[in-house]
Amino acid sequence: TPYDYIVVGAGPGGLVTADRLSETGKKVLLLERGGPSTWETGGRYQPDWLAGQPYTKFDVPGLFESMFSDGNQFWWCRDINVFAGCLLGGGSTINGGLYWYPPDSDFSVANGWPSSWANHAPYTQKMKTRLPSTDHSSMDGIRYLPQSFNVAKRLLDPQGYRQLTINDEPNQKDHVYGYSSFFFQGGKRTGPTGTYFKTAKARPNFTYRDYTFVNSIIRNGTKILGVQTNDTSLGPNGFIPVTPNGRVILSGGSFGSPRLLFSAGIGPTDMLTIAQGDSVVGPKMPPQAQWINLPVGENVQDNPSINLVFTHPEIDAYENWAEIMSDPRPADAAQYISSQSGVFASSSPRMNFWRAYGGSDGKTRWLQGTVRPGAASVTTSYPYNTSQIFTITTYLSTGITSKGRIGIDVALRPRVLVEPWFTDPIDKAVLLQGINDIVASVGNVSGLTLITPDNTTTISAYVNNYGTGNMNSNHWIGANKLGTSASNSVVDANAKVFGTDNLFVVDASIIPSMPMGNPQGAIMATAEQAVAKIIALAGGP
Ligand code: 6FA
Ligand code: ABL
């Protein structure tokens, strides 16, 4: 059966979009290549200590750090060689849950948006109403494992930082810090899956199909006819058509959506030639005369991030999160089960901070910090106590000028073709400056020791030798940049792919340049605004 709207991908972008489209009463189909996640959505994967309880690994925020250590990491997209979630909720189901209401700069002309997008407040408000943030997610209101916040505060206060409730004043992003803010509710992950997906699912005109992989977007000239899936139960040979005025919205994420555009003969010629050579996708592509040359996969950004590892005698590093699946502290497990309170009601971050920096090119760049107990890796010549380690991850965010490229390999697997970090040396110089400023007053905080890097390495050598693979912050944006010209953008101000009548992209990939914080708040606010424009656009179903 034909659908008025087909949305491909159930991450934060796709869930907001599908829910708002389904509010119109039109027939909406949401397709997701992965399976269920939270208990409410039919997921059942949980540690033994939660047996008999209605919570999966994806419900319990405190299990976040085990995403990287679990023996059976089925949630990652298998064909993508950086972290990306392929299950209901996409990245929002497996991520740290940090959630920032976007500052005005996230949608400003200076940050690459057309002026028609600058008034984001009504859309951000819609998101806040549906999914409010909290900086104290434990049901008893207590903030657990507070030590790393308290120690970092002693480091930042003398540097002129002040504390605030970050999401109460989103525009304040210079010399500020506060408690980490999350999209958790009731001590559970919640996020867009527990809110937007839930309301969509309840509507009779909304259909959700999981474990359904979209191979190709089928295009004839300017018109998209439907999507080609691997599921023959959904239509003849797995093809699902849209209605005569129907629309297809790609929400496959920064790696998934470019691949889908290539399958429709949209993108740079080198990528389309690869797609054409594929035995499944090639035969369904439009003839070369109909190819649309757009900068799909270009203009890519991700925050460069560098970890600093410290010790302090007050820290409780929580066994570096090693035993949260197999052997949690019994009192914490019991507390979570009885009242959704305690350590397991939050993920690992404890504090976030921001500071603005001028660069030698006259541009302002913002530094973000995330403070958490534990560390992903320690390289040090110092003896240290593993139970006292904590990490400050330093990110460079809004204002970065470095760019990279995303594409596909011959097996059509999404790949980073050009790494996006520090292609402009000024980005590196500013992050180095920011790190130097943070560590300058370590000696003033009694008991605080920087162990990675240690005193055998200078900060500049540490930054210069930092592996680019470790600089990835999983915050990919820009591959299908929104803008007003097909010469430098992939989608127009209505999120419609240039040169097509009825193909749209709504996910992280349309964001033109780096938002201020971890991006899912900016992505959902983008989706709220994009879907409103799509519904308002004439010619639809
Ligand atoms: N962002 C935050 O704001 N806060 C965080 O704490 C945070 N942490 C992390 C993190 O810890 C990790 C490990 C990762 C990987 C990311 C983090 N992020 C964080 C970033 C954030 O999760 C992403 O920016 C955000 O999820 C991107 O949202 P999108 O909607 O753009 O894309 P997704 O990748 O989430 O979803 C795409 C969906 O489409 C997936 O479910 C995928 O399975 C599906 N899909 C893709 N191609 C498809 C196809 N061909 N057919 C069917 N389904 C497809
Ligand atoms: C984010 O936005 C980042 O994308 C994640 O990398 C980050 O989590 C979360 N938020 C929480 O701040 C880190 C983990 O804390 C590390 O243990 C892990 O090694 C790293 O992600 C992997 O990228």
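Everything below is about the structure printed above this text.
The text that follows walks through the structure, step by step, so that each part is easy to find.

About the cut-offs
- Residues numbered from 1 in each chain as written.
- Chains lettered and ligands numbered in written order.
- Predicted model: local features only at pLDDT ≥ 70, side-chain atom pairs only at ≥ 80, totals over all residues.
- Heavy atoms only, no water.
- Near = heavy atom within 4 Å.
- Areas by Shrake-Rupley, 256 points an atom, 1.4 Å probe, with all protein chains shown as cover.
- Nonpolar A, V, L, I, M, F, W, Y, C, P; charged D, E, K, R; others polar.
- Pairing = 2+ DSSP bridges.
- Helix = DSSP H or I, 4+ residues; strand = E, 2+ residues; numbered from the N terminus.
- Buried < 20%, exposed > 50% of the residue type's maximum accessible area, 1.4 Å probe, protein only.
- Disulfide = S-S within 2.5 Å.
- Polar contact = N/O pair within 3.5 Å; in protein donor to acceptor, adjacent residues only side chain to side chain.
- Axes fitted to C-alpha atoms, helices over the stretch in contact; angles between N-to-C directions.
- Parallel < 35°, antiparallel > 145°, perpendicular 65-115°, else oblique.
- Left-handed = near helix turned anticlockwise from the far one by under 90°.
- Contact = heavy atoms within 4.5 Å.
- Core = buried A, V, L, I, M, F, W, Y, C linked by side-chain atoms within 4.5 Å.
- Arc of directions from axis to C-beta.
- 1 Å grid on protein atoms, 1.4 Å probe; cavity = no way out; pocket = protein on both sides within 12 Å on 5 of 7 lines; lining within 4 Å.
- Points joined across faces, edges and corners; volume = space filled by probe spheres on them.
- Phe/Tyr/Trp six-rings, centres within 6.5 Å; stacked < 30°, edge-to-face > 60°.
- Lys NZ or Arg CZ within 6 Å of the ring centre and 35° of its normal.

### Things to note about the site of ligand 2
Not every one of the 14 residues close to ligand 2 is listed here, only the nearest: Glu65, Ser473, Asn474, His475 and Asn518. Protein contacts shield 81% of the accessible area of ligand 2, which totals 470 Å² for the unbound molecule. Broken down by class, the residue content of the shell around ligand 2 amounts to seven nonpolar, five polar and two charged.

### A look at the sheet that holds strand E12 (residues 389–396)
Across the sheet, which stays open at both edges, the seven strands sit in the order E3-E4-E10-E11-E12-E9-E15 with mixed pairing between neighbours. Both edges of this open sheet fall to strand E3 (162–163) and strand E15 (449–452), since each of them pairs with a single strand only. Both E3 and strand E4 (residues 176–179) contribute to a ladder of two bridges, which runs parallel. Looking at E4, one finds that glutamine 163 is bridged to tyrosine 177.

### Some remarks on unusual backbone geometry
What is expected of a backbone is that most residues other than glycine have negative phi and most peptide bonds are trans. Look at the link from threonine 452 to proline 453: it is a cis peptide, with omega at 0 degrees. Here proline 453 shows up in the loop between E15 and helix H10 (459–464). The backbone of tyrosine 211 shows a phi angle near 50 degrees, a positive value even though the residue is not glycine. On the secondary structure map, tyrosine 211 appears in the loop between strand E5 (206–209) and strand E6 (214–220). Residue classification places tyrosine 211 among the exposed positions, given a relative accessible area of 56%. Of note in this structure, asparagine 474 is not a glycine but carries a positive phi near 65 degrees. Since its relative accessible area comes to 38%, asparagine 474 is described here as partly exposed.

### Regarding the state of the cysteines
Under the definition given, this model contains one disulfide. The disulfide that involves cysteine 77 links it to cysteine 86, with 2.1 Å between the sulfurs. Judged by the sign of its S-S torsion, about 95 degrees, the bond between cysteine 77 and cysteine 86 is right-handed. Look at cysteine 77 and you get buried, because its relative accessible area is 6%. Classification of cysteine 86 as buried rests on a relative accessible area of 14%.

### Some words on the site of ligand 1
Around ligand 1 lies a shell of 38 residues, among which Glu32, Gly91, Leu98, Ala508 and Gln520 are the nearest. Note that a nitrogen atom of ligand 1 is positioned 3.1 Å from one of the backbone N or O atoms of arginine 33. Computed on the free molecule, ligand 1 has an accessible area of 1,000 Å², of which 94% lies beneath the protein chains in the complex. For the shell around ligand 1, the secondary structure elements donating two or more residues are helix H1 (12–23), helix H2 (91–94), helix H6 (253–263) and helix H12 (520–536).

### Some points on the packing of H1 against helix H5 (residues 193–201)
Any two packed helices are characterised by the angle at which their axes cross and by the distance between the axes. Two elements in contact, H1 and H5, have axes whose closest approach is 8 Å; the angle formed by their N-to-C orientations is 30 degrees. One way to sum up the angle between H1 and H5 is to call them roughly parallel. By crossing handedness, the relation of H1 to H5 is classed as left-handed. Two secondary-structure elements touch here, H1 through Leu15, Val16, Asp19, Arg20 and Ser22 and H5 through Thr193, Tyr196, Phe197, Thr199 and Ala200.

### Details of the nonpolar core
Ranked by internal contacts, the top residues of the largest apolar core, which has 138 residues, are Ile6, Ile217 and Phe353. Looking at this core, the element that brings in the most residues is H12, giving seven residues. Once you skip the residues sitting within four places of it in the chain, isoleucine 217 turns out to touch Ile224, Gly226, Val227, Val248, Leu250, Leu260, Ser263, Ala264 and Leu503.

### Re helix H7 (residues 269–276)
Among all positions of H7, only Met271, Leu272 and Ala275 are buried. Buried residues along H7 cover an arc of 100 degrees about the axis, so they all sit on one side. The inward-facing, buried residues of H7 contact H6, strand E13 (405–408) and strand E14 (414–418).

### What about empty space enclosed by the protein?
With the rule as written, the count across this model stands at two cavities of 30 Å³ or more. Roughly 170 Å³ of internal volume is contained in the largest cavity. What lines the largest cavity is a set of 17 residues, and nearest its centre among them are Asp135, Arg143, Tyr144, Ser346 and Arg350. Along the lines of polarity and charge, the residues of the lining of the largest cavity split into eight nonpolar, six polar and three charged. Residue lining of the second largest cavity: Thr38, Ser92, Thr93, Phe183, Arg189, Thr190, Gly191, Pro192 and Thr193, and that is the complete set. Broken down by class, the residue content of the lining of the second largest cavity amounts to two nonpolar, six polar and one charged.

### So, the layout of surface pockets
Roughly 260 Å³ of internal volume is contained in the second largest pocket. Around the second largest pocket, the lining is made up of 14 residues, and of these Arg33, Gly34, Arg78, Cys86 and Tyr211 lie nearest the centre. Among the residues making up the lining of the second largest pocket, the classes are represented as eight nonpolar, four polar and two charged.

### Some thoughts on the side chain of serine 489
Note on placement: serine 489 falls in the loop between helix H11 (468–471) and strand E16 (503–505). A polar atom in the side chain of serine 489 sits 2.8 Å from the side chain of asparagine 488. Serine 489 has contacts with Leu294, Pro295, Lys481, Leu482, Gly483, Thr484 and Phe498, leaving out every residue within four places of it along the chain.

### As for the packing of aromatic side chains
The final tally for this structure, using the stated rule, is 29 aromatic pairs. Both rings, one in phenylalanine 68 and one in phenylalanine 83, keep their centres 5.2 Å apart while their planes meet at 70 degrees; by these two values the pair is edge-to-face. Of this pair, phenylalanine 68 sits in the loop between strand E2 (28–31) and H2 while phenylalanine 83 sits in the loop between E2 and H2; the two residues are 15 residues apart in sequence, bridging distant segments of the chain. By relative accessible area, which is 40% here, phenylalanine 83 ends up partly exposed. Judged by centre distance (5.1 Å) and plane angle (70 degrees), the ring pair of phenylalanine 74 and tryptophan 75 falls under edge-to-face. Taking relative accessible area as the criterion, tryptophan 75 reaches 0% and is therefore assigned buried. Chaining the aromatic ring pairs together yields one cluster made of Tyr45, Phe58, Phe64, Phe68, Phe74, Trp75, Trp76 and Phe83. Directly above the aromatic system of tyrosine 3 lies the positively charged group of lysine 27, at a separation of 4.8 Å from the ring centroid.

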